[in-house]
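These are the residues of each chain, in order.
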Amino acid sequence: MAKPILLTVDDDPDVLKAIERDLRSQYGADYRVISSDTPEGALQLLHGLKLRNDGVALLLADQRMPRMDGVGFLQQAREIFPGAKRALLTAYADTNAAISAINQANIDYFFMKPWDPPTENLYPPLNDLLDDWRATYRQGFQGIRVLGTRWSPRCYELRDFLARSHVPYQWIDVEGSANDPETKRLLDALGDDANELPVVLFPDGAKQLHSAPSDVAQKVGLRTRAETTFYDLAIVGGGPAGLAAAVYGASEGLHTVMVEREAPGGQAGMSSRIENYLGFPTGLSGGDLARRAVVQARRFGVEILAPQEVVSLRIEGPYRIVKLADDSEISCHALMIATGVQWRRLEAPGIDRLQGAGVYYGGGATEALSCKGENVYIVGGANSAGQAAMNFARYAERVIILVRGDSLSATMSQYLIDQIKGTPNIQLWTHASVAEVHGDTHLEEISVLCSDTGKTERVPSSAMFIFIGALPRTDWLDGTIERDDRGFILTGPDLMQGGQRPKGWAVERDPYLLETNVPGIFAVGDVRHGSVKRVASGVGEGSVAVQFIHQYLSKV
Ligand SMILES: Cc1cc2nc3c(=O)[nH]c(=O)nc-3n(C[C@H](O)[C@H](O)[C@H](O)COP(=O)(O)OP(=O)(O)OC[C@H]3O[C@@H](n4cnc5c(N)ncnc54)[C@H](O)[C@@H]3O)c2cc1C
C-alpha cells in the first residue's frame, strides 16, 4: 500500500525545512512527507496526487504567504481532498485569524510558531488528528483507472481489450457517475484533459489521453514488437488453435512467436461458458481458458505480441516473412495461420454508425454488467447466441433472441435450448430480423421485421448483440495462399486436384495434412477449409500441426 501523504506549505524556506524535518522524523515510517514553497505549487501537487488516487492525511499551511494565505489554500485544497485534516501554522500575531478560520473555514487545528519542542507542541495534537483521519480513511483503488463514457466506441474498444487481456482496471463512467463527488474531483484535477476520453490513469502517476489498446499494452508491459527478427515458428492468431500450436511448438524446443491482432483467446475468449470442452464438467469461461493458455505458453517461452496485426506475407527461399501493422517484419522457417473467423456484418441502416454505442458484434462480456435492468436483444440462433443470452439473462431485465427461422432446433445445441427454456427472462422472437436501428449518440430503438406478418415493429432497446455467423478475413494472403471461394484456406488433401500437387509446389512429397500450397506454411482451426468450428478441434489441429512442422524443419 502506498503511504498516505502529509503535505506542508510555507514560503519561508527555513520554516519549511524545519517542519519537514520534524514531520519526517516522527511520521516518516508510516507517511510520505512532501512540501511546497507556494500554495499554487501545492495545489498542483494535490491535483497530481488525486490522479494517482493517493491518500492525503494532512495539509499543513503557513497562514502568511504572498498571493494566497494559508486559510485560502486550505479551503481550495479541501475541494480536492475533503477528507484530509487541515491545520495552520501561525505566528502569534495571527492567532485571531486562525481562531476565526477554525470556525469559518473548517480548519481542524492551528499550531503556533515556533513549535519547539515538537514532542510537546506538535506531535500530540498531530497524533490525534492522524488517528481521526485513519479511522475514516478508505484507500482508493490502486490499479489502472479508465475514464470514459458508456456509448463511446473508442472507450468500448479499450475496455474490451483490457478485459480480454486480463488487465485489471477500474471503469469510471464520467456521465453515469456525473453526480458522484469523487468523479467531479477527478475531472477537476484533470482540467482540460478530461475532454480527451478515454483517459487512462496509472498508479505511477502517468496518464494517457484519448488512449488506445496499443498505448496501454505498451505501458503495462504487453509486447507489441518482436525481440528478434527470426523464429523457427511464427503463429498468426492467438485463438485456441494458435495458442495450442504455441504451447506444443515451444514445449518441443521451437523458438516461437505468436502475433495476435486483439487479445489472446480469439472467439473462444468471448464465450461466457464453454460446456463441451473435455475435462471441464461444469464448463469454463472462454476468458479463463485463454488466461490459462497464455500462462502456459509464456511458461514455455513463447513470445506473444498483442495487440499486433499481420498485414502481408512474402516468401524468400526457405524464409516466410510476415509484415506487421507497424511495418516491422518477422521472418521464420515455419508459419502457422490460425486467424479464425470474424463476425459477419449485419446489413441494416444505422448498424455501422452505432457500432460500439449499443450495437456490438460478439459476446460483449464487458457490457454485461452495464445492461443491468435493461432489455437486451441478441441477433442469431447459433450456440454463441445462446451462450450470450444465458450470460446476459443474469443482469438484464429481459433478453430477447431474434431469429429468422421458426425455432432454434436447427441451429443450437439441445443443452442450450433447454437452458434457455428454463430461464424466465429470456424470450425467443421467431421469424424476426433487424430492419433498422435508431438513435443519435447510441442505440435507442430497433425496427424488427416480422416475416410471418410482414409488419415492422419498433422496440426500445439500448443494447443489441449480433451473432450471425462468421467468415475468415484472409485477403492479406492474396496471391500466395490458396483459398476457397469464401476465403477459407485449403490444406493437405484439399489441395490435390485429380491427384496433382498444387501449382508451384516445389518439394518431392504431397502437402502434409494441415499444410497449405506453400511448403512450411500451415493453417489450423476455423480459418481452414472444412474445419470443425469448435474449441477442441482448433486445439487439436494446432497441436497436431506441430508434428508436421518438425518433419518440415528436418528437411529445410
Ligand atoms: C461466443 C462464442 C461462443 C462459442 N462457444 C463455443 C463452445 O461452447 N464450444 C466450442 O467448442 N466452440 C465454441 N465456439 C467456437 C470456438 O470459439 C471457435 O471454434 C474457436 O475459437 C476457433 O479457434 P481458432 O483459434 O481457429 O480461431 P479464433 O478463435 O477465431 O481466433 C483467431 C484469432 O486470430 C486473430 N487474428 C485474425 N487475423 C489476424 C491477423 N491478421 N493478425 C493477427 N491476428 C489475427 C483474431 O483476432 C483471433 O484472436 C464459440 C464461439 C463464439 C464466438
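Residues numbered from 1 in each chain as written. Predicted model: local features only at pLDDT ≥ 70, side-chain atom pairs only at ≥ 80, totals over all residues. Heavy atoms only, no water.

Engineer: Go over the environment of Glu-347, please, and point to the residues and values.
Structural biologist: With respect to the secondary-structure elements, Glu-347 resides in the loop between strand E16 (342-343) and helix H12 (351-354). Expressed as a C-alpha distance, the spacing of Glu-347 and Val-434, which sit 87 residues apart in the sequence, is 8.8 Å. (Helix = DSSP H or I, 4+ residues; strand = E, 2+ residues; numbered from the N terminus.)

Engineer: Could you give me a rundown of a negative patch on the surface, with the residues and numbers involved?
Structural biologist: A cluster of acidic side chains, namely Asp-11, Asp-12, Asp-14 and Asp-37, defines a negative patch on the protein surface. Within the secondary structure, Asp-12 sits in the loop between strand E1 (5-9) and helix H1 (13-27). (Patch = residues over 30% accessible without salt bridge, like charges linked within 9 Å, V, L, I, M, F, W, Y side chains within 5 Å. Areas by Shrake-Rupley, 256 points an atom, 1.4 Å probe, with all protein chains shown as cover. Salt bridge = Lys/Arg side-chain N within 4 Å of Asp/Glu carboxyl O. Lys, Arg positive; Asp, Glu negative; His and termini not counted. Charge placed at Lys NZ, Arg CZ, Asp CG, Glu CD.)

Engineer: Got a sec to walk through the site of the ligand? Specific residues and values, please.
Structural biologist: Around the ligand, the structure places 32 residues, and the nearest of them are Glu-260, Gln-267, Gln-387, Asp-526 and Val-535. With respect to the ligand, the backbone of Pro-240 contributes an N or O atom lying 3.2 Å from an oxygen atom. Interatomic distance of 2.7 Å between a side-chain N/O atom of Glu-260 and an oxygen atom of the ligand. Residue assignment for the shell around the ligand shows that the elements contributing at least two residues are helix H10 (240-251), E16 and helix H13 (383-392). Taken together, the residues that form the shell around the ligand break down as twelve nonpolar, 14 polar and six charged. (Near = heavy atom within 4 Å. Polar contact = N/O pair within 3.5 Å; in protein donor to acceptor, adjacent residues only side chain to side chain. Nonpolar A, V, L, I, M, F, W, Y, C, P; charged D, E, K, R; others polar.)

Engineer: Lay out helix H8 (residues 181-190) in plain terms, naming residues and giving numbers.
Structural biologist: Of the positions making up H8, those classed as buried are Thr-183, Arg-185, Leu-186, Ala-189 and Leu-190. Viewed end-on, H8 has its buried residues packed into an arc of 160 degrees, placing them on one side of the element. Along its buried surface, H8 packs onto helix H2 (39-52), helix H3 (70-80), strand E6 (144-148), strand E7 (169-173), strand E8 (199-201) and strand E9 (207-208). Immediately beyond the C-terminal end of H8, within one or two residues, lies Gly-191, with a positive phi of roughly 60 degrees. (Buried < 20%, exposed > 50% of the residue type's maximum accessible area, 1.4 Å probe, protein only. Arc of directions from axis to C-beta. Contact = heavy atoms within 4.5 Å.)

Engineer: Could you give an account of the environment of Thr-38, with specific residues and numbers?
Structural biologist: Relative to the elements of secondary structure, Thr-38 occurs in the loop between strand E2 (32-36) and H2. Separated by 467 residues in sequence, Thr-38 and Trp-505 place their C-alpha atoms 76 Å apart. A polar side-chain atom of Thr-38 sits 2.9 Å from the main-chain amide nitrogen of Gly-41.

Engineer: Outline the packing of aromatic side chains, supporting the account with residue identities and numerical values.
Structural biologist: Applying the stated rule across the entire model yields twelve aromatic pairs. Both rings, one in Trp-343 and one in Phe-467, keep their centres 5.4 Å apart while their planes meet at 85 degrees; by these two values the pair is edge-to-face. Taken as a pair, Trp-343 in strand E16 and Phe-467 in the loop between strand E24 (463-466) and strand E25 (470-471) lie far apart in primary sequence, 124 residues in all. There is no split in this pair, since Trp-343 and Phe-467 are both buried. Both rings, one in Tyr-512 and one in Phe-548, keep their centres 5.4 Å apart while their planes meet at 25 degrees; by these two values the pair is stacked. With Tyr-512 in the loop between E25 and strand E26 (521-523) and Phe-548 in helix H15 (residues 535-553), the pair connects residues that are 36 residues apart, well separated along the chain. Under the relative-accessibility criterion, Tyr-512 is labelled buried at 12%. Linked through ring pairs, Tyr-27, Tyr-31, Tyr-123, Trp-133 and Tyr-137 together constitute an aromatic cluster. One cation-aromatic arrangement involves Lys-219 over Phe-202; the distance from NZ or CZ to the ring centre is 5.3 Å. (Phe/Tyr/Trp six-rings, centres within 6.5 Å; stacked < 30°, edge-to-face > 60°. Lys NZ or Arg CZ within 6 Å of the ring centre and 35° of its normal.)

Engineer: Give a description of the packing of H13 against helix H14 (residues 414-421) that names residues and reports values.
Structural biologist: The geometry of H13 relative to H14 is characterised by a closest axis approach of 10 Å and an angle of 30 degrees between their N-to-C directions. One element, H13, and the other, H14, form an angle in the roughly parallel class. Crossing hand, H13 versus H14: left-handed. Of H14, the residues touching H13 (which contributes Asn-383, Gly-386, Gln-387 and Met-390) are Tyr-415, Leu-416, Gln-419 and Ile-420. Counted by class, the contact of H13 with H14 contains four nonpolar, four polar and no charged residues. (Axes fitted to C-alpha atoms, helices over the stretch in contact; angles between N-to-C directions. Parallel < 35°, antiparallel > 145°, perpendicular 65-115°, else oblique. Left-handed = near helix turned anticlockwise from the far one by under 90°.)

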